[in-house]
Structure formats: C-alpha cells, structure tokens
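One-letter residues, chain by chain:
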Amino acid sequence: MAMTTIRDARADDAPAIARVHVATWRTTYPGLIPDSILVGMSVERHEAMWQRSIANPSGDAVVVAEHPADGVVGFASCGPLRGLALPFAGEVYTLYVAQDHQGRGLGRRLLARSFGILLERGYPSAIVWVLATNPSRFFYRALGGEHAADRTEALWGVLMDETAFGWRDLRLALSSDRFAVAPPADDF
Ligand SMILES: CC(C)(COP(=O)(O)OP(=O)(O)OC[C@H]1O[C@@H](n2cnc3c(N)ncnc32)[C@H](O)[C@@H]1OP(=O)(O)O)[C@@H](O)C(=O)NCCC(=O)NCCS
C-alpha cells in the first residue's frame, strides 16, 4: 500500500507548501482571524517566503509530508525559541496538514520529526504557539504538550489571545506511547 512519507523540504517544494499553507489557513481560521486577511493571502508571496526559508541552511528546518498521489499535503518548521523569553530552547513555528489528510497521524509524525530535528540541533525542549481558540490545542494536549504561557498579540490589527504548549524534555516526549504509532495510520 502506498504510504505518505515525512522528509526534509527541498527548494522545489516551496510552491506546494505555499498552497497547503494558504488552503489550510482558509479552512481553519474563518471566525478566528479576520476574513479580509484570509481572502488577501497570496500563494505567490508565501511561496517566496518558503523558498527563502528552505534555501537558508542556517535558517528554520522545514519538513513535509508527501503523499504518493497528492504530493505535499502537510509541513512543519522549527528552530530556536523566538520572542517571549520562556524556559524552553526550541520552537515549532508552523504545523499544517491539508484538511483532506487530517486525522490520519500526519500531524503527529510531522511534530515527531520536528522534535527529532530540534534535538539534533541541540534544543532539548520546545514550545508551539496556537491561537487560544484553535481546536489544534487538543492535538497538542493529546501529544503531551503542557500549558506553558499565554500572550495577547496585535496580529492583523486585531488583539489575539495565544497559548503556548511546551515539552520540557523532547527525548522523553518522543519515547512516550503518544508518539509510538506504528505502522502509520495514514495509508489510504
Ligand atoms: C492540528 C493538526 C496539525 C493535527 O494534525 P492531524 O494529522 O490532523 O492529527 P493526527 O491525526 O496526527 O492526530 C494525532 C492525535 O491528536 C488528536 N487530535 C488531533 N486533532 C485533534 C482535535 N482537533 N481535537 C482533539 N484531538 C485531536 C488525534 O485524535 C490523535 O490522537 P489519537 O491517535 O490518540 O486519536 C492538523 O489537524 C491541522 O493542520 N489543522 C489545521 C491547522 C492548524 O490548526 N494547525 C496548527 C496551527 S499552530
């Protein structure tokens, strides 16, 4: 049976990552962030952004989920902690799975790969910021993330509440049952 694979992003993945990025925002965020922002999102602008990000070897690490028929259907990026000083070393900056491919374990596998990369790069702990109202907070909780911080950010001209989930020990997290899922449940 064909299987979705998780691998490091290549420069030529930028268009597909940008498409998944914009499409997933538009399926996830209506009602959470202003419609005008979602309507105004540009695949081209995001493509350029991802291209730069992947091309920079000392920059963010980017990984993708590649489906044998549908191509790139998910991605994640990570690197050192940004912004607010918190007792965590690393951060997962983005994690998105296309709507049609959600709920099949790809988010878990992308997060696991990101944690692996952070460990390799010398970051033993990590956080991820989510909009406080985003249902993905249940995903992070299911994977052992603990409430780490809250902040209110002026985003897109609107005050948005965000919550950070944290893992103090990525090695321990990866060895827990929550991440031990074999074989991958995303075959179809
Ligand atoms: C959040 C997201 C990355 C999760 O990826 P996914 O592939 O759908 O999730 P998985 O199938 O790997 O789920 C892993 C576990 O989390 C649980 N989970 C996932 N989403 C959940 C939700 N909304 N509520 C409760 N539990 C959830 C699953 O039940 C699963 O646990 P189980 O195996 O014990 O059943 C994905 O749904 C997504 O991209 N959503 C839209 C964009 C978004 O909000 N991204 C995060 C921005 S910070």
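Quick caveat, the model's predicted, so the values are computed rather than measured.

As a further point, take the site of the ligand. If you check the shell around the ligand, you find 22 residues, and the closest are Val97, Gly103, Gly105, Gly107 and Arg108. One of the backbone N or O atoms of Arg104 is found 3.2 Å from an oxygen atom in the ligand. Between an oxygen atom of the ligand and a side-chain N or O atom of Arg108, the distance comes to 2.8 Å. When the free accessible area of the ligand is taken as 910 Å², the share hidden by the protein chains comes to 71%. Spatially, the ligand is embedded in the largest pocket.

With that settled, the discussion passes to the packing of aromatic side chains. Two numbers describe a pair of aromatic rings. These are the distance of the centres and the angle of the planes. Counting across every chain of the model gives nine aromatic pairs. With 5.0 Å between their ring centres and 70° between their planes, Trp50 and Phe75 make a pair best called edge-to-face. Of the two residues, Trp50 sits in helix H3 (residues 43-55) while Phe75 sits in strand S3 (residues 71-80), which places them 25 residues apart along the sequence. Summarising the burial analysis for this pair, Trp50 and Phe75 share the class buried. Directly above the aromatic system of Tyr93 lies the positively charged group of Arg82, at a separation of 3.5 Å from the ring centroid.

To continue, consider the pattern of salt bridges. Counted according to the given criterion, the structure contains five salt bridges. Note that Asp13 is salt-bridged to Arg7, the shortest N-O span being 2.8 Å. There is no split in this pair, since Asp13 and Arg7 are both buried. Between Asp60 and Arg82 there is a salt bridge, with the nearest N and O atoms lying 3.1 Å from each other. Note that Asp60 is positioned in the loop between H3 and strand S2 (61-67) and Arg82 in the loop between S3 and strand S4 (90-97), a separation of 22 residues in sequence. Several salt bridges converge on common partners, so that one network encompasses Arg7, Asp13 and Glu66.

So, how was this worked out
Residue positions are given per chain, counting from 1 as you read along its sequence in written order. This being a predicted model, a pLDDT of at least 70 is required before a residue's local features are given, and a value of 80 or more before pairs of side-chain atoms are given or counted; all residues contribute to the totals for chains, interfaces and linings. Note that water and hydrogens are dropped before the side-chain values are worked out from all heavy atoms of the structure. Being near a molecule or strand, for a residue, means having at least one of its heavy atoms within 4 Å of it. For this analysis, a polar contact is any N or O atom pair within 3.5 Å, provided that within protein one partner can donate a hydrogen and the other can accept it, and provided that sequence-adjacent residues contribute only side-chain to side-chain pairs. Note on areas: Shrake-Rupley with a 1.4 Å probe; residue coverage comes only from the protein chains shown. In the cavity and pocket records, a cavity denotes points on a 1 Å grid over the protein atoms alone where a 1.4 Å probe fits but cannot get out, a pocket denotes an open set with protein on both sides within 12 Å along at least 5 of 7 lines, and lining residues are residues with an atom within 4 Å of a point. A pocket or cavity is taken to hold a molecule when more than half of that molecule's atoms are within 2 Å of the pocket's grid points. Stacked, tilted and edge-to-face are the three classes applied to pairs of Phe, Tyr and Trp rings, where Trp contributes its six-membered ring and a pair requires centres within 6.5 Å; stacked means planes under 30 degrees apart, edge-to-face means over 60, and tilted covers the rest. For the purposes of this entry, the term helix denotes a DSSP run of H or I that reaches at least four residues, the term strand denotes a run of E that reaches at least two, and both are numbered from the N terminus. Exposed residues in this analysis have more than 50% of their type's maximum accessible area, buried residues have under 20%, and partly exposed residues fall in between, with area computed by a 1.4 Å probe over protein chains only. Placement of a positive charge over a ring is assigned whenever Lys NZ or Arg CZ falls within 6 Å of the ring centre and within 35 degrees of the normal to the ring plane. Whenever a carboxyl oxygen of Asp or Glu lies within 4 Å of a side-chain nitrogen of Lys or Arg, that contact is scored as a salt bridge.

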